Amino acid sequence: MSQILTSKEKSDNKDNSSLFNLLNTSELELIEQNHQDVIFNPGETILKKGTPGTHVLAFNKGLAKFYLEGKERNIIIRLIKPGELLSAPGSMDKTMLPFSVAAVEQTSIGFIESKIFRQVMGSNLVFKEQFLGTIHQNLSQIIEKLVSLNTKNTLGRMAEALLYLSEEVYHDSTFTLTISKTELAELAGISKEAAFRILKELDQDGLISRDEKSITLQKTELLSKISLQR
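A brief report on the enclosed structure follows. (Residues numbered from 1 in each chain as written. Predicted model: local features only at pLDDT ≥ 70, side-chain atom pairs only at ≥ 80, totals over all residues. Heavy atoms only, no water.)

### Regarding the packing of aromatic side chains
1) Next: Under the counting rule described, the total for this entry stands at seven aromatic pairs.
2) Next: When the centroid spacing of 5.4 Å and the interplanar angle of 50 degrees are considered together, the rings of Phe117 and Phe127 count as tilted. Here Phe127 lies in helix H3 (residues 125–151) and Phe117 lies in helix H2 (residues 114–123), a separation of 10 residues in the sequence.
3) Next: For Phe117, a relative accessible area of 0% puts it in the buried group.
4) Next: One aromatic cluster in this structure is built from Phe20, Phe117, Phe127 and Phe131.
5) Next: The ring of Tyr67 carries Lys65 above its face, with NZ or CZ at 5.2 Å from the centroid.
6) Next: The lysine or arginine in question, Arg78, covers the ring of Phe66, its NZ or CZ lying 5.6 Å from the ring centre. (Phe/Tyr/Trp six-rings, centres within 6.5 Å; stacked < 30°, edge-to-face > 60°. Helix = DSSP H or I, 4+ residues; strand = E, 2+ residues; numbered from the N terminus. Buried < 20%, exposed > 50% of the residue type's maximum accessible area, 1.4 Å probe, protein only. Lys NZ or Arg CZ within 6 Å of the ring centre and 35° of its normal.)

### What to know about the pattern of salt bridges
1) Next: Evaluation of the coordinates by the stated rule reveals eight salt bridges.
2) Next: With a closest N to O distance of 3.0 Å, Lys48 and Glu69 form a salt bridge. Placement of Lys48 in the loop between strand S2 (45–47) and strand S3 (55–61) and of Glu69 in the loop between strand S4 (64–68) and strand S5 (75–80) is noted, with a sequence separation of 21 residues between them.
3) Next: You can call Lys48 partly exposed: its relative accessible area is 40%.
4) Next: As a salt-bridge pair, Glu183 and Lys65 come within 3.0 Å of each other at their nearest N and O atoms. A residue pair is termed long-range when its members are at least 10 positions apart, and Glu183 in helix H5 (residues 181–188) and Lys65 in strand S4 qualify at 118 residues. (Salt bridge = Lys/Arg side-chain N within 4 Å of Asp/Glu carboxyl O.)

### With respect to the sheet that holds S2
1) Next: Pairing in this open sheet of four strands is antiparallel, and the strands run S2-S7-S4-S5 from one edge to the other. The open sheet has two free edges, formed respectively by S2 and S5, since each of these has just one partner strand. Across the sheet, the axes of successive neighbouring strands diverge by a mean angle of 30 degrees, strand direction being ignored.
2) Next: The pairing of S2 with strand S7 (residues 100–103) spans two bridges and is classified as antiparallel. Directly across from Leu47, in S7, lies its bridge partner Val101.
3) Next: Those strands touched by H5 are S4 and S5, and its axis lies near 105 degrees from that of S5. (Pairing = 2+ DSSP bridges. Axes fitted to C-alpha atoms, helices over the stretch in contact; angles between N-to-C directions. Contact = heavy atoms within 4.5 Å.)

### Things to note about helix H6 (residues 192–204)
1) Next: Across its 13 residues, H6 extends 19 Å between first and last C-alpha, which sits within 8% of the 18 Å expected from 1.5 Å per residue.
2) Next: Among the residues making up H6, those that are buried are Ala194, Ala195, Ile198, Leu199 and Leu202. Looking straight down H6, one finds that the buried residues subtend no more than 130 degrees of arc, so they occupy a single side. Facing away from the buried side of H6 by over 90 degrees, the exposed positions are Glu193 and Gln204.
3) Next: Residues of H6 that are buried in the fold lie against helix H4 (154–169), H5, strand S10 (208–210) and helix H7 (220–226).
4) Next: Remark: Gly206 follows H6 within two positions and exhibits a positive phi of approximately 80 degrees. (Expected span 1.5 Å × (residues − 1). Arc of directions from axis to C-beta.)

### A closer look at the sheet that holds S10
1) Next: Read from one edge of the open sheet, three strands run S9-S11-S10, paired in antiparallel fashion. For this open sheet the edge positions go to strand S9 (174–176) and S10, each flanked by a neighbour on one side alone. Ignoring which end each strand starts from, the neighbouring axes of this sheet average 20 degrees apart.
2) Next: As paired elements, S10 and strand S11 (residues 214–217) share three bridges and run antiparallel to each other. Each bridged residue has a counterpart across the sheet, and for Ile208 the counterpart in S11 is Leu217.

This is the structure:
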């Protein structure tokens, strides 16, 4: 079993916001001894809506999408990066999950049993408080996405998605997409046809430049204004 992403020496990774840095040595050892690493290939389902939440997931490597399943199309709430923990309200009592998660890149995840996690939270109140905050954040992001879908026009949603990828995922104004164009559309909450059309218009207007997989945001301030359009 490979080591879960817990050690303090890994904290210089800008994507590593791991709460495990709040644990002491004995708590870390308990997690290390009671987790199972699983590697998922791109496209593989990690968690499925409607299944019981029996584990807390620690993302070690790769990239995954956190999404809501819809009748016509899925809606990607956000992308999950290394160093993150994922759970949901009810994961401690096996309530059915309201969301799904799938790998975008090859992704390594440590599955930690809920009973072990409850034990660690019982001995470390700071860790418990911070972890429960991540659950609240997941709920807030779902609400924010639904508000965006209901209030912003398609151009605003695409600008918002591009800025999110640049600032929160790839950390550069020029980035190579590791998600598909369909997933980009799902992140923006629009149809694939609308996404292709808007990307072409943004390119023609000089707000972005792109090739087959890479995108450069040329005018981020203007894109920020457009992202607020309703």
